Amino acid sequence: MKKGKIILSTILVTSSLYFAPIQLDKTVEAAANSEVHQSKKAFDQKVIARVSEERMMEDVRYLSETIGPRVTGTEGEQQAADFIRERLRSYGYQVETQEFSIPDKLIGYLQTSDENEVLINIPEGSGDTSESGITAELFDAGLGKESDFTPDVAGKIALISRGEFTFKKKVENAVEAGAIGVLIYDNTNQPGPLNPSIGGDFSIPVGGITKVSGEALLEDVVSQNKTVTFKVKRMENAKSQNIIATKLPKKGANHDILHVSAHFDSVPFAPGASDNASGTAVALELARVLKSYPTDKELRFAFVGAEEIGLVGSEHYVSQLSEDEVNRSIGNFNMDMVGTSWENATAIYMNTLDGQPNIVSETALATADRIGTPSELVLYKRGASDHVNFYEAGIPAVNFIRREPGTANLEPYYHTPLDTIEYISAERLKEAGDLVGASVYSLIRK
Ligand code: BES
Ligand code: ZN
């Protein structure tokens, strides 16, 4: 009996080897591949099963509603940093805080003599005022052309409409004519006040306001010769910070390093639910989920401040890496605006600075294929987020961001007071968390 069986299997093996050697190789290979594929899928599920929509939504709510705007260098940004630090500690991480200086900030305040407060943005290059500010009448200077000014503007604040030529020229004309301050109002309806880039350095205070505010001032203040009080305070020695959590493998040293990053600051007047409480919440959730899994590479979570004033936090973070650490860095997954519910934003864009694929984008594509990510993934050439600084240090980096496929448009609430949790999708946060989480895990797991 025994002998017969052995003979039979020998014949089977030899005959199949003889008749169809290639086919057998392929079958073996396919079986092996499918085994690898199945085990990769099992590892994906270890992450996906734990990434919680509810936790991420709660964190977006805390950052965007409980804290609200998290403007670089302000208390809001500090509160967000404290929240992130405490949370990471509660997950058992060693947490490092990197503090750094940011350029002087200008804070504006505008009120009419009827005590109506007007939201205002102060651009870089504006002058500041004394504590009590300037109280003066407004002068309707139209578009702010030279010919729009009369000697009557002397001692008044020029109220100028956006349009036709540069903000800088408008301010120069106002200064030349003797105005003691400038307010520029928008010419289209935007939810937040205008943020005019005026170039240069002016000694008089300059601010941007909405179209609605400009028209209200023309109606209620200019035509009735009332006054406004305009203050600009210079915040000196302002600081921002990065919060970093590191997960080291149990054994060995000098491991490869993978960086996951998200900025937690916002622009003025924006609760920044999408930009970027969304990326922050997903990164925090991945820090929680990945904490307990054995890994053979170093994982660093970099929560950075001061992105909105020119990628300053991530620039500082990358500058603090030693040459050796840079050389050991294998990639950066940067999440910025990953949860909008805007219906047109059906694609996840993978922005790289050179438009070329890299280990991060390729890993994400392979993961998406395995786990069946519902959204289309689009490789796109774009900077404008923290991946830029990683790329410039030679670290392969991708910014994950939701956009409208084809046009690459962002949601209409971007950088406005409407960037609230109302337009955040729990499902899309989960999609980003699953995709980035499973990708990161596939690169660092034992
Ligand atoms: N969250 C946006 C990311 C972004 C990326 C917006 C690509 C638009 C296109 C980011 O916070 C942002 O607003 N970036 C600034 C530039 C940055 C250097 C201050 C921008 O795009 O205006
Ligand atoms: Zn952003």
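In what follows, the accompanying structure is described. Nothing here was measured: the structure is a model prediction, and the numbers come from that model.

**Digging into the packing of helix α3 (residues 53-67) against helix α4 (residues 75-90)**
Right, on to step 1. With their axes 10 Å apart at the nearest point, α3 and α4 run at an angle of 150° to one another. With respect to α4, the element α3 is oriented roughly antiparallel. When the axes of α3 and α4 are compared, the crossing they make is right-handed. Contacts between α3 and α4 pair Asp-59, Tyr-62, Leu-63 and Ile-67 from the former with Gly-76, Gln-79, Ala-80, Phe-83 and Arg-87 from the latter.
Right, on to step 2. A class-by-class count of the residues in the contact of α3 with α4 yields five nonpolar, two polar and two charged.

**Looking at the side chain of Glu-411**
Right, on to step 1. Position of Glu-411 relative to the elements: it lies in the loop between β15 (397-403) and α12 (426-444).
Right, on to step 2. Side chain to side chain, Glu-411 and Ser-274 meet in a polar contact 2.6 Å long.
Right, on to step 3. Setting aside residues up to four positions removed in sequence, Glu-411 forms contacts with Ser-274, Met-337, Thr-340 and Trp-342.

**A look at the environment of Phe-202**
Right, on to step 1. Structurally, Phe-202 is set in the loop between β6 (181-185) and β7 (206-209).
Right, on to step 2. Residues Phe-202 and Asp-128, spaced 74 residues apart in sequence, show a C-alpha to C-alpha distance of 9.2 Å.
Right, on to step 3. When sequence neighbours within four positions are dropped, the list of residues in contact with Phe-202 reads Gly-125, Ser-126, Gly-127, Lys-168, Val-171, Glu-172 and Val-175.

**Re the sheet that holds strand β12 (residues 329-335)**
Right, on to step 1. Strand order in this open sheet of eight strands is β1-β9-β11-β10-β12-β15-β13-β14, and the pairing throughout is mixed. Of all strands in the sheet, those with a lone pairing partner are β1 (94-101) and β14 (376-381), marking the two edges. Taking the axes of each pair of neighbouring strands and ignoring which way they run, one obtains an average angle of 25° across the sheet.
Right, on to step 2. Where β12 and β15 come together, four bridges link them in parallel fashion. Bridge pairing in β15 links Asn-332 to Ala-397.

Rules and cut-offs
- Residues numbered from 1 in each chain as written.
- Chains lettered and ligands numbered in written order.
- Predicted model: local features only at pLDDT ≥ 70, side-chain atom pairs only at ≥ 80, totals over all residues.
- Heavy atoms only, no water.
- Axes fitted to C-alpha atoms, helices over the stretch in contact; angles between N-to-C directions.
- Helix = DSSP H or I, 4+ residues; strand = E, 2+ residues; numbered from the N terminus.
- Parallel < 35°, antiparallel > 145°, perpendicular 65-115°, else oblique.
- Left-handed = near helix turned anticlockwise from the far one by under 90°.
- Contact = heavy atoms within 4.5 Å.
- Nonpolar A, V, L, I, M, F, W, Y, C, P; charged D, E, K, R; others polar.
- Polar contact = N/O pair within 3.5 Å; in protein donor to acceptor, adjacent residues only side chain to side chain.
- Pairing = 2+ DSSP bridges.

Take it as geometry only, folks, not as evidence of what the structure does.
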